[in-house]
Amino acid sequence: MRITAFGVTALLVAAGGVGWAVYAKLSGNITPDEAAAAELARYDRERPTSLVKDARNILLIGSDSREGTANARYGRDNGTERSDTTILLHLSAGRDNATAVSIPRDLMVDLPGCRRPDGSRSAPRFAMFNQAFQLGGSACTIRTVEKLTDIRVDHHVVVDFHGFKEMVDAVDGVAVCLRQPIDDRAAKLRLPAGRVTLNGEQALGYVRARKTLGDGSDTERMERQQRFLGALVNKVRSNDVLLNPAKLYPVLDAATSSLTTDPELASLRGLYALVRGLRDIPMEQVQFLTVPRESYAYDTNRDQLVEPAAKRLFERLRTDTPVVVAGNGPREGSYGDSRPGPFREPTVTVSPPPTFRGNTAAEDTCE
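Source: prediction; values computed, not measured. Along each chain, residue indices are assigned from 1 in the same order as the chain's sequence is written. Totals for whole chains, interfaces and linings use every residue, but because this is a predicted model, local features are given only for residues with pLDDT of at least 70 and side-chain atom pairs only at 80 or more, for both listing and counting. As a rule here, side-chain values come from all non-hydrogen atoms in the structure, and water together with hydrogens is ignored.

Trainee: I'd like a rundown of the overall build of the chain, residues and numbers included.
Mentor: Helix and strand definitions follow DSSP, with helices as H or I runs of at least four residues and strands as E runs of at least two, each counted in order from the N terminus. Within the chain, the secondary structure is distributed over 11 helices and 17 strands. Relative accessibility decides the category of a residue: with a 1.4 Å probe and only protein chains considered, values under 20% of the type maximum give buried, values over 50% give exposed, and everything between is partly exposed. Evaluated residue by residue, the chain yields a buried proportion of 49% over its 367 residues. Of the contacts made within the chain by residues no fewer than 6 positions apart, 67% connect residues no fewer than 24 positions apart. Computed with the Shrake-Rupley method and a 1.4 Å probe, the accessible areas treat only the protein chains shown as cover for residues. For the chain, the computed accessible surface area is about 18000 Å², with 49% contributed by carbon and sulfur atoms. Note on contacts: a residue pair is in contact if any heavy atoms of the two residues lie within 4.5 Å.

Trainee: Tell me what's going on with the state of the cysteines, and back it up with residues and numbers.
Mentor: For the purposes of this analysis, a disulfide is any pair of cysteine sulfur atoms at a distance within 2.5 Å. In total, this model carries 1 disulfide according to the counting rule given. Shown here is the disulfide that connects Cys114 with Cys140, its sulfur atoms set 2.0 Å apart. Residues Cys114 and Cys140 are joined through a disulfide that is right-handed, its torsion about the S-S bond being 70 degrees. With Cys114 in the loop between strand 5 (108-111) and strand 6 (125-128) and Cys140 in helix 5 (residues 131-149), the pair connects residues that are 26 residues apart, well separated along the chain. Assigned by exposure class, Cys114 and Cys140 land together as buried.

Trainee: How would you summarise the confidence of the model for the chain if you had to cite specific residues and measurements?
Mentor: For every residue, the predictor reports its confidence as pLDDT, a number between 0 and 100. Across the chain, the average pLDDT comes to 80, with 76% of residues at 70 or higher. Counting interchain partners and residues more than four positions distant, the pLDDT-below-50 stretch residues 1-17 has 42 contacts.

Trainee: Give me the lowdown on the nonpolar core, citing residues and values where you can.
Mentor: Leu59, Leu289, Val291, Leu313, Phe314 and Val323 are the most contacted members of the largest nonpolar core, which has 33 residues in total. If you list the elements that add at least two residues to this core, you get helix 3 (34-42), strand 2 (56-63), strand 5, helix 5 and helix 11 (309-318). In terms of residue count, the dominant contributor to this core is helix 5 (7 residues). Residues contacting Leu289, with those up to four places away along its chain left out, are Thr99, Ala100, Val101, Ser102, Gln226, Leu313, Val323, Val325, Phe356, Arg357 and Gly358. Among the nonpolar cores identified, the runner-up in size contains 24 residues, and Phe164, Val196, Ala231 and Ala254 belong to it. We call a set of buried Ala, Val, Leu, Ile, Met, Phe, Trp, Tyr and Cys residues a nonpolar core when their side-chain atoms join them within 4.5 Å.

Trainee: I'd like to hear about the packing of aromatic side chains, residue by residue, with values.
Mentor: Two descriptors summarise a pair of aromatic rings, namely the distance from one centre to the other and the angle between the planes of the rings. Whether two aromatic rings pair depends on their centres lying within 6.5 Å, for rings of Phe, Tyr and Trp, where Trp uses its six-membered ring; planes under 30 degrees apart make the pair stacked, over 60 edge-to-face, and the rest tilted. One pass over the structure, following the stated rule, counts 4 aromatic pairs. Linked through ring pairs, Phe126, Tyr296 and Tyr298 together constitute an aromatic cluster. We note Arg143 situated over the ring of Tyr43; from NZ or CZ to the ring centre the distance is 3.6 Å. Geometrically, a charge over a ring is one whose NZ (Lys) or CZ (Arg) sits within 6 Å of the ring centre while staying within 35 degrees of the ring normal. The ring of Tyr206 has Arg224 sitting right over it, with the charged end atom 5.5 Å from the ring centre.

Trainee: Give me the pattern of salt bridges: which residues, what numbers.
Mentor: The rule for a salt bridge is simple: a side-chain nitrogen of Lys or Arg has to be within 4 Å of a carboxyl oxygen of Asp or Glu. According to the stated counting rule, one finds 9 salt bridges in the structure shown. Where Lys25 meets Asp253, a salt bridge forms, and the shortest distance between an N and an O atom there is 2.7 Å. Of the two residues, Lys25 sits in helix 2 (residues 19-29) while Asp253 sits in helix 9 (residues 245-257), which places them 228 residues apart along the sequence. On the basis of relative accessible area, Lys25 is assigned to the partly exposed category, the value being 39%. The residue Asp44 makes a salt bridge to Arg152 at a minimum N-O spacing of 3.0 Å. Remark: Arg152 occurs in the loop between helix 5 and strand 7 (155-159) and Asp44 occurs in the loop between helix 3 and strand 2; sequence separation between them is 108 residues. Overall, the relative accessible area of 37% leaves Asp44 in the partly exposed class.

Trainee: I'd like a description of the side chain of Thr290, backed by residues and values.
Mentor: Structurally, Thr290 can be placed in strand 13 (residues 286-290). For Thr290, a relative accessible area of 13% translates into the label buried. A distance of 2.9 Å separates the side chain of Thr290 from the side chain of Gln226, its partner in a polar contact. Side-chain atoms alone can form a polar contact between residues adjacent in sequence; in general such a contact is a pair of N or O atoms within 3.5 Å, and within protein one must be able to donate a hydrogen while the other accepts it.

Trainee: Run through the packing of helix 3 against helix 5, naming residues and quoting values.
Mentor: At their nearest, the axes of helix 3 and helix 5 sit 7 Å apart, and the two run at 40 degrees to each other. When the interaxial angle is binned, helix 3 and helix 5 end up oblique. Crossing angle aside, the handedness with which helix 3 passes helix 5 is right-handed. Listed contacts from helix 5 to Ala36, Glu39 and Leu40 of helix 3 are Ser138, Ala139, Ile142 and Arg143. Here, axes are lines fitted to C-alpha atoms. For helices the fit covers the stretch in contact, and angles between N-to-C directions go from 0 to 180 degrees. An angle counts as roughly parallel when it lies under 35 degrees, as roughly antiparallel when it exceeds 145, as roughly perpendicular when it falls between 65 and 115, and as oblique in every other case. We call a crossing left-handed when the near helix sits turned anticlockwise from the far one by less than a right angle, and right-handed when that turn is clockwise.

Trainee: Run through the environment of Glu307, naming residues and quoting values.
Mentor: Of note, Glu307 is situated in the loop between strand 15 (299-305) and helix 11. The spatial distance from the C-alpha of Glu307 to the C-alpha of Pro292 is 7.9 Å, given a sequence separation of 15 residues. For Glu307, the side chain forms a polar contact with the main-chain nitrogen of Lys311, separated by 3.1 Å.

Trainee: An account of unusual backbone geometry is requested, with residue identities and associated values reported.
Mentor: Keep in mind that most residues, glycine aside, have a negative phi and that most peptide bonds are trans. For the bond running from Glu307 to Pro308, omega is 10 degrees, close enough to zero to count as cis. Its location among the elements puts Pro308 in the loop between strand 15 and helix 11. Backbone geometry places Arg95, a non-glycine residue, at a positive phi of 50 degrees. Of note, Arg95 is situated in the loop between strand 3 (83-91) and strand 4 (98-102). Judged by its relative accessible area of 16%, Arg95 falls in the buried class. One non-glycine residue, Asp320, lies in the positive phi region at around 60 degrees. Within the fold, Asp320 resides in the loop between helix 11 and strand 16 (324-326).

Here is the structure:
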């Protein structure tokens with residue numbers, strides 16, 4: 001999105017008379033999710049109401065579809081797909097900060113009744129979060145997120161394996177820092193320790209692997225995905241891609257070709273209208289975190305929300321209140337006057353904003 005916001009104007013000016021043909025081609029690459037729009041309209045009355053004008057919430061869905069030649073190498077295509085990664089991106093009304101919240105795929109949630117691809121409808125159930133996408137695609141996932149958070153999802157974007165790889169390759173790879181070597185056969189990934197520039201195939205393995213990296217948890221995998229996205233943002237902003245049409249076009253072509261979005265975003269104009277104010281957000285105000293979670297009480301291989309921390313997070317996003325992230329949250333505290341004797345002022349307890357465990361795009365994991 002940030003690439004599109006910076007790049008459309010530069011591309012059109014540089015391309016001259018060919019610019020509008022290029023614009024039409026790139027805009028036509030984006031697939032509008034008409035089915036999801038129709039399904040969401042059906043349930044519009046029960047969806048949450050947006051509370052803050054101009055604030056936007058975008059649901060980013062990474063699909064694990066094996067459909068097509070490009071995705072078939074990652075497993076057998078059984079006709080279904082699940083949300084391998086889901087991020088709720090909140091853009092503040094003033095476009096002075098952005099907060100990306102990962103939702104664990106193994107989180108146990110209440111799924112609504114959803115329309116299946118064959119036209120039938122599933123019954124409401126209590127199940128893992130990523131089953132929503134398998135049952136009813138993006139519309140079911142959006143309704144599940146809204147039920148969980150009471151936050152209105154304004155837009156959604158779906159990207160598959162192939163599209164993710166193409167975008168990474170289009171920017172000539174993304175650098176990450178590895179504390180130890182990686183040799184993961186399942187992810188087809190073998191890398192040395194230290195700073196490494198990942199191509200698209202390696203990047204996909206890196207963000208998806210979990211069996212041989214860290215403690216093997218999905219929580220640590222989500223943190224790795226967040227840090228990779230931060231590195232990708234830094235790569236685009238630090239490179240000359242945005243001002244070089246020869247480099248910009250492949251990036252835009254890869255990005256738009258990989259996207260399925262709600263109809264309002266399904267054009268370069270729609271994307272640009274959403275993100276044109278994002279270029280001024282400082283990197284330290286682009287934040288990533290995972291919804292407060294813990295092992296599910298009845299199955300340690302599943303997750304459940306930590307309350308009341310999760311409610312506090314959702315409330316801050318819903319009301320467009322700034323979210324604070326740090327490496328060891330969430331925590332809360334109070335401040336008072338600790339001066340002794342007669343100089344002591346009446347103690348006033350002030351509750352600071354809750355701090356959630358996360359990181360920012362400005363952080364460098366090698367430092």
